[in-house]
Amino acid sequence: MRSVNKAAWALAVGLVLLVEILVAAQPAEAQSSSPTSQAFDIATQPLGSALIRFSQATGVQLFYDASLTRGIQSPGVTGTFSPSDALTRLLAGSGLMFRFINPTTITLEKDPSSAAANGRTMEPVTVVGARETATGPVNGFVAHQSATATKTDTPLLETPQAVTVVGRDQMQTQNSQSVTDALHYSPGVQINGGTVDTRFDSIRIRGFLAPLYLDGMLLPSGTSQFGRIRPDPFGLERVEILRGPSSALYGQIPPGGMVNLVSLRPTADPVHTVELQGTNFGQLQGAFDLAGKLTDDGQFLYRLTGLAHEGHTQVDHVDDNRLMIQPAFTWHPDIDTTFTVLGQFQRDVNGVATQFLPIQGSLLPNMNGQLPSSVFLGDPNYNSFLRSQGWIGYEFEHRFSSALTFRQKLRYAAVDTNLSAVIGSALAPNQYTLSRVAYSVPEAAQNVTVDTEALAKFSTGPIAHTLLFGFDYMYAGSQTKQGIGSAPSINMFAPTYWQTIIPPTITTNTAQKQNQYGVYMQDQLSFDRWRLTLSGRNDWVDTNTQNFMTNTAGSQSVSALSGRVGLNYMFDFGLSPYISYASSFQPTIGTDANGTPFQPTRGVQYELGVKFQPKDSAISANLAAYKVVQQNALTNDPAHPGFSTQTGEVTARGVEFDVAATLAEGFNIVGSYTYTDAKITKSNGADLGSEVATVPQHQGSLWADHTIQKGSMRGLSFGAGFRYIGPSWGNTPNTILIPGYVLVDAMLSYDLENLNPRMRGAKLALNANNLMNTQYVTTCSTAVGCFYGQSRLVTLSLRYDW
């Protein structure tokens, strides 16, 4: 009942504020003009240039014959008009007319009899593309827009927080096979596992574990680490990293930041892609991506993406099999309204590639020799990891006018996993007999998320506002069982497989349900060259936990207020220094020795940075320095052994630099450097003063590739990169030091059209990750908890686009 009352109160407040914005936020001219009117200020100039300005102002795409506008001057247009009226004025006296191909695409035409009389030959079609959008493709390696930090389509230069965007072009060039692979050349990110881990993506940002979002909404995750959705990068348009606290817009979230994945969406431009791949481990993959118009007028659009792969991994007796289908559908009933349905289903039938290796033989010497990265210490008769995942939802947007837009997103997502593994528990003095245990963790997780927003754009004197108001709700549930039992030992250097493994008895059986309600507001103010961002949010979170083994239950209700303030100054030449403050919170489940429920952890961050992105260029450089502190962390209660108290604290300081460029000469460059000093600054335990485990102080990377533009070798691309990961500690007492390592990647591709024009659209590519086949340990948390990283992975791809 308490949750219902809070929900009703929050909804009532939301509706009142929404009505106020709808009525009061519109400027007078917007209220009096037609529903689709907006302000235009396009001076007299050549018609081709004027059309570019029109496309940038409206987001409408233009297709036309290049010869139609040559030598024609446009009178321009100034004032408040609908896009149709504005375009009519731009074309006045040109002898041209326009026609909507679909609600977001226009073509220009001349009177057919006039064209026939002139006997002109049609020249190549000119496409005046709409500007890059926050959910659209990134041209090359450099993005200009993102919505992850602000929930509005905002230039990265005007965002007062560190954001990195990895687009589909970069993921394809570097052959990213997982989300963690896509982040290899990004700053501020610490990665464990990657392609070698068939279970999940493990990502830290600025020293803190990072949650995974899809299209701005949290993906479900169980109470254990195994029940997680793992999207395939082939179905993604972008992978975006927001570094620093983000509760001001998203609610409960760790202070390090978040990873937001952007789905492929339907497009009016036809997309037809099929791809075949094979690896040196014997894995074969087929994939397709199809998109376009379902009707000639473009009112209905579709996208259908699919993938299937099966085969082996670097670990003996471990396969990696996947089937994925991802449909999407968009309806444009008019130029101001969009309704998009996004769905996905994925089935993974895998082995467990992550081996729990003893420290002797992996990180340290073993009297019998070193264990290879292909060693399998489980049993093919038992080890497996099964996952079924999927989601279905919609995104709706309606623009009442140029000043006011209503948006809503809703999604149901679910994942069901089952881990069965035999893992090491102790190494005998002979250093080859490994004692093992059988482990079983079936888990299911699901959530329903809905996010409703009103976006108003208006001015108060010389200050322009982009005002966002939102109300969101999330239901999250999970069910977890765990069992652990005995298993026969194994000789690591002469293993005997297919032994009898008795499934363990379930010893843990819990369920958790959580309801989160949030109301948030944000104002992005623009005055001359200044950009001020103010964000605030209040959350109410109710959590219920049930233990079916002990037949006990517990509940917890918390509320939290979060905020962010950031200031940018925009120089004409593309330089934007900024400063920001942001806060975050996360509920903490449990009670102290007095039975008092734990308070949420709190995070605060101060960030100072500078961004550089010259106008009309594909060059970007960013530098950020920060300090983030997480308080109310759990630590041992010295007065009550066996209980915890919330006097712990974790502090992270760091500097991050990244650069990216896509040059007209066919060059792509991306690189980064990260310094992270993350330590436990308050604790009642032995970990006081320790560095946070698995977080190296120094990381660096650099990638460059080039496509030959002319001559007999035209269409040949080659590239290489290196990744440096510095030393880190494997555990919080800082007793196990993990050495640093350097990895080299490379690629070679060729457009087969240059061999035969009939092969236009076909491309052959060869990618190598860890080209030098360096054997390295990513982390080692215990004496039998060490893990190898990815060995050399070579992938041959054949892609055909038409």
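Conventions used here
Residues numbered from 1 in each chain as written. Predicted model: local features only at pLDDT ≥ 70, side-chain atom pairs only at ≥ 80, totals over all residues. Heavy atoms only, no water. Salt bridge = Lys/Arg side-chain N within 4 Å of Asp/Glu carboxyl O. Helix = DSSP H or I, 4+ residues; strand = E, 2+ residues; numbered from the N terminus. Buried < 20%, exposed > 50% of the residue type's maximum accessible area, 1.4 Å probe, protein only. Phe/Tyr/Trp six-rings, centres within 6.5 Å; stacked < 30°, edge-to-face > 60°. Contact = heavy atoms within 4.5 Å. Polar contact = N/O pair within 3.5 Å; in protein donor to acceptor, adjacent residues only side chain to side chain.

Enquirer: Tell me what's going on with the pattern of salt bridges, and back it up with residues and numbers.
Expert: For the coordinates displayed, the defined rule picks out 24 salt bridges. Here Arg238 makes a salt bridge to Glu132, at a shortest N to O gap of 2.8 Å. Taken together, the residues span a long stretch of sequence, with Arg238 in strand β17 (residues 236-243) and Glu132 in the loop between β8 (125-128) and β9 (145-146) at a distance of 106 residues. Just as Arg238 is buried, Glu132 falls in that class too. Between Asp289 and Arg168 there is a salt bridge whose closest N-O contact spans 4.0 Å. Highlighted residues: Asp289 in strand β20 (residues 284-293) and Arg168 in helix α6 (residues 168-173), separated in sequence by 121 residues. Comparing Asp289 with Arg168 shows no difference in burial state: the two are buried. Bridged by salt links that share partners, the residues Arg206, Arg243, Glu607 and Glu656 form one connected network.

Enquirer: Explain the packing of aromatic side chains to me, using residue names and the numbers behind them.
Expert: Scanning the model with the defined rule gives 17 aromatic pairs in all. Ring centres 5.9 Å apart and planes at 70 degrees place the aromatic pair Tyr185 and Trp703 in the edge-to-face group. Of this pair, Tyr185 sits in the loop between α7 (179-182) and β12 (189-192) while Trp703 is found in strand β36 (residues 698-707), placing the two residues 518 residues apart along the sequence. Taken as a pair, Tyr185 and Trp703 share a single burial class, namely buried. When the centroid spacing of 5.3 Å and the interplanar angle of 50 degrees are considered together, the rings of Tyr581 and Tyr606 count as tilted. Residue Tyr581 is located in strand β31 (residues 575-586), and its partner Tyr606 is located in strand β32 (residues 601-612); the two are separated by 25 residues in the primary sequence. By the ring-pair criterion, three or more aromatic residues cluster together here, those being Trp530, Tyr569, Phe571 and Phe573.

Enquirer: Could you give me a rundown of the environment of Ser388, with the residues and numbers involved?
Expert: The residue Ser388 is located in strand β24 (residues 384-401) in this model. Residues Ser388 and Val415, 27 residues apart in the sequence, show an inter-C-alpha distance of 5.7 Å. The contacts of Ser388, once residues within four sequence positions are left out, are Gln346, Arg347, Ala414, Val415 and Asp416. Of note is the side chain of Ser388, whose polar atom sits 2.8 Å from the side chain of Arg347.

Enquirer: Requested: an account of the environment of Tyr185, with residues and values cited.
Expert: You can call Tyr185 buried: its relative accessible area is 4%. Taking the C-alpha atoms as reference points, Tyr185 and Leu702, 517 residues apart in sequence, are found 6.9 Å from one another. Excluding its chain neighbours within four sequence positions, the residues that come into contact with Tyr185 are Gln170, Gln174, Val670, Gly671, Ser672, Ser701, Leu702, Trp703, Gly721, Phe722, Arg723 and Asp745. In this structure the side chain of Tyr185 is engaged in a polar contact, spanning 2.7 Å, whose partner is the side chain of Asp745.

Everything listed here is a matter of coordinates, which is why it stays silent on function.
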